[in-house]
Amino acid sequence: MTVRVRFAPSPTGYLHVGGARTALYNWLFARSEGGTFLLRSDDTDAERSTPEYAADILDGLRWLGLDWDEGIEVGGPHAPYRQSQRLERYREVASELVAAGRAYWSLADPEALERWRKEARDQGRAPAYDGSLEPPPEEVERRLAAGERATVRFRVPRPGRTEFSDVVRGDMSFEHTQVEDFVILRSNGTPTYHLASTVDDVDFGITHVIRGEDLLSSTPKHILITRAMGAEPPTYAHLSLLMGPDGKKLSKRHGDTAVAAFRAAGYLPEALVNYLALLGWSPGDEETIVSRDEMIRRFDLADVSRNPAIFDMDKLQWMNGVYIRAMTPDEFVDRIMPWIAEDLGREPTAEELRILHEIAPHVQERTKLLAEAADQVRFLLVDEVVYDERSWSKVMKGDAPRALDGAIAALSELDEWTIESIESALRGMLEREGLSARKGLQPIRVAVSGSTVSPPLFESLAALGRRRTLERIRRARDRLTA
Ligand code: GLU
């Protein structure tokens, strides 16, 4: 049997890290088994689905490198892969199930149904509707013939139970007294999630359904529909949900969870993939940095943990830093380029590129996020620094004028402009003026970069060049006097 798995997002929201992890596990499983990874769109909710969300999901998957073999945009033998284009098929299956007695047109009065459920709850029974409020068949026929609209409900066999073995959660058993005769087709002719998802899984030959634990209680319904369609249910694996560090379900409260937000903040797709892969799976030892190939080689669905996985932003940032430090400086410059180009409003000039390459190794070492790195090198590319006023008022006082004057004198005399010569000139100045490194160098840093936080000072001045360095120190000195 060849493995066929699917990721089935609804374009009713952005791709978030939980969805990305589900997609990743499906992808890893397909790649490790030599199977097919399919992408379908669960877009039956026309009101809440938008093209922006749909595009965001595709962009996010592509950015993460989770390529799909079959499905929306790439096509395949079962096209179309958008549920909105398969509505006829769902209606057809619903009619077949009705004809076979496995489902029925439901005309139960909604208020009576509510009362029925309340009574069940009051008596301590599951409020799982069992079809007992339906009018007699002749009446149903007459009313339908008269054009009345009805839902279609699946007839859950009672007594009975549905059992399955979940790869992650083990043996599961659902008593049918707990499962209501659920709606599969709404009265407006649109399918519910249960019907559309199951019909697709059957029609597309899905062998393994890997999805979030929030859908676990839907699974007996899907198994019932699958069998009623005369098919064998796939294997199920329900992934535990992602939690914030406080142990509560990961949500906006814990920060922006949209994949696009991680991208904008300067996370690397390879770091995010690495981190997400380890949320519930581990390659077997203490290793945390695992390459994509290694993951594919070692991934096993049976090793996925059922424990809730904590999404720890600090750990992810740390991991991103590890990936950033592992790059060559050239690669690093390439990767921060989108931010730089956006900042400049154009591509950098050859001279600006030279400066970036020169400073890159020193920034790369200290940064955890690409966007932050771009912020840190901005002062090297602008014509005039903008002072961060807090930095300014913190250091531009007391001995600052002496330090700036001393720096101008020491740096003007230099024969060559290198990291080493700059360092020794400025250390000499500190000594002559009797200033600590803090007192003497911070004003220079703010003069040149605008902030007390910048890449290392001597390296920064070297990259900036003598003329611009001296201009900036003089300008700050003038501002101090003014
Ligand atoms: N469209 C569903 C969702 O976004 C996925 C359903 C499934 O994987 O079966 O949650």
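Residues numbered from 1 in each chain as written. Predicted model: local features only at pLDDT ≥ 70, side-chain atom pairs only at ≥ 80, totals over all residues. Heavy atoms only, no water.

K.L.:
I'm lost on the overall build of the protein in this one. Help?
P.N.:
When helices and strands are counted, the protein shows 20 helices and 12 strands. For 482 residues, the compact-globule formula gives about 23 Å, and the C-alpha radius of gyration of the protein, at 31 Å, lies well above that figure. Here the C-alpha coordinates of the protein stretch approximately 105 × 45 × 40 Å along the principal axes. Taking all 482 residues of the protein together, 51% fall into the buried category. Per element, the accessible surface of the protein, about 22,700 Å² overall, is 49% carbon and sulfur. Each charge sign in the protein was given a centre, from 63 positive and 78 negative side chains, and these centres are 4 Å apart. (Helix = DSSP H or I, 4+ residues; strand = E, 2+ residues; numbered from the N terminus. Rg over C-alpha atoms; globule rule 2.2 N^0.38 Å. Buried < 20%, exposed > 50% of the residue type's maximum accessible area, 1.4 Å probe, protein only. Areas by Shrake-Rupley, 256 points an atom, 1.4 Å probe, with all protein chains shown as cover. Lys, Arg positive; Asp, Glu negative; His and termini not counted. Charge placed at Lys NZ, Arg CZ, Asp CG, Glu CD.)

K.L.:
Is there a simple way to explain a positive patch on the surface in this structure?
P.N.:
Taken together, R390, K394, K397, R438 and K439 make up a surface patch of like positive charges. Every element with two or more residues in the positive patch is listed here: helix 15 (389–395) and helix 18 (437–449). (Patch = residues over 30% accessible without salt bridge, like charges linked within 9 Å, V, L, I, M, F, W, Y side chains within 5 Å. Salt bridge = Lys/Arg side-chain N within 4 Å of Asp/Glu carboxyl O.)

K.L.:
What should I look at first to understand the packing of helix 16 (residues 400–412) against helix 17 (residues 419–433) in this one?
P.N.:
Angle between the axes and distance between the axes are the two parameters that describe a pair of packed helices. Their axes nearest at 9 Å, the elements helix 16 and helix 17 cross at an angle of 135°. On the basis of their axis angle, the class for helix 16 and helix 17 is oblique. For the pair helix 16 and helix 17, the sense of crossing is right-handed. From helix 16, R402, A403, G406, A407, A410 and L411 reach across to helix 17, where they touch I422, A425, L426, M429, R432 and E433. Tallied by class, the residues present in the contact of helix 16 with helix 17 amount to eight nonpolar, one polar and three charged. (Axes fitted to C-alpha atoms, helices over the stretch in contact; angles between N-to-C directions. Parallel < 35°, antiparallel > 145°, perpendicular 65-115°, else oblique. Left-handed = near helix turned anticlockwise from the far one by under 90°. Contact = heavy atoms within 4.5 Å. Nonpolar A, V, L, I, M, F, W, Y, C, P; charged D, E, K, R; others polar.)

K.L.:
I'm lost on the packing of aromatic side chains in this one. Help?
P.N.:
Centre distance and the angle of the planes are the two values used to describe a pair of aromatic rings. According to the stated counting rule, one finds 12 aromatic pairs in the structure shown. Seen in terms of ring centroids, Y81 and F204 are 5.1 Å apart; in terms of plane orientation they differ by 55°. Their pairing is tilted. Taken together, the residues Y81 in the loop between strand 3 (70–71) and helix 3 (87–99) and F204 in the loop between helix 6 (193–203) and strand 9 (208–212) connect sequence positions 123 residues apart. Summarising the burial analysis for this pair, Y81 and F204 share the class buried. Pairing Y387 with W392 gives two aromatic rings, centres 4.7 Å apart and planes at 55°, and the pair type is tilted. For W392, a relative accessible area of 9% gives the class buried. Grouping aromatic residues by their ring pairs yields a cluster made of F262, Y267, Y275 and F311. (Phe/Tyr/Trp six-rings, centres within 6.5 Å; stacked < 30°, edge-to-face > 60°.)

K.L.:
What am I meant to see in the site of the ligand here?
P.N.:
Around the ligand sit R6, A8, S10, D42, Y193, S197, R211 and L215, and those are all the residues in its vicinity. A distance of 3.0 Å separates a nitrogen atom of the ligand from a polar atom in the side chain of S10. One of the side-chain nitrogen or oxygen atoms of R211 is found 2.8 Å away from an oxygen atom of the ligand. Here the ligand has 290 Å² of accessible area as a free molecule, and 77% of this is covered by the chains. Across the shell around the ligand, the residue classes tally to three nonpolar, two polar and three charged. (Near = heavy atom within 4 Å. Polar contact = N/O pair within 3.5 Å; in protein donor to acceptor, adjacent residues only side chain to side chain.)

K.L.:
Explanation requested: unusual backbone geometry in the structure shown.
P.N.:
For residues other than glycine, phi is negative in most cases, and the peptide bonds are mostly trans. The omega torsion across A79 and P80 is 0°, close enough to zero to call that bond cis. Relative to the helices and strands, P80 is located in the loop between strand 3 and helix 3. A cis amide bond, omega -5°, links R158 with the succeeding residue P159. With respect to the helices and strands, P159 occurs in the loop between strand 5 (151–154) and strand 6 (161–166). Despite not being glycine, E73 has its phi angle at roughly 70°, a positive value. Since its relative accessible area comes to 54%, E73 is described here as exposed.

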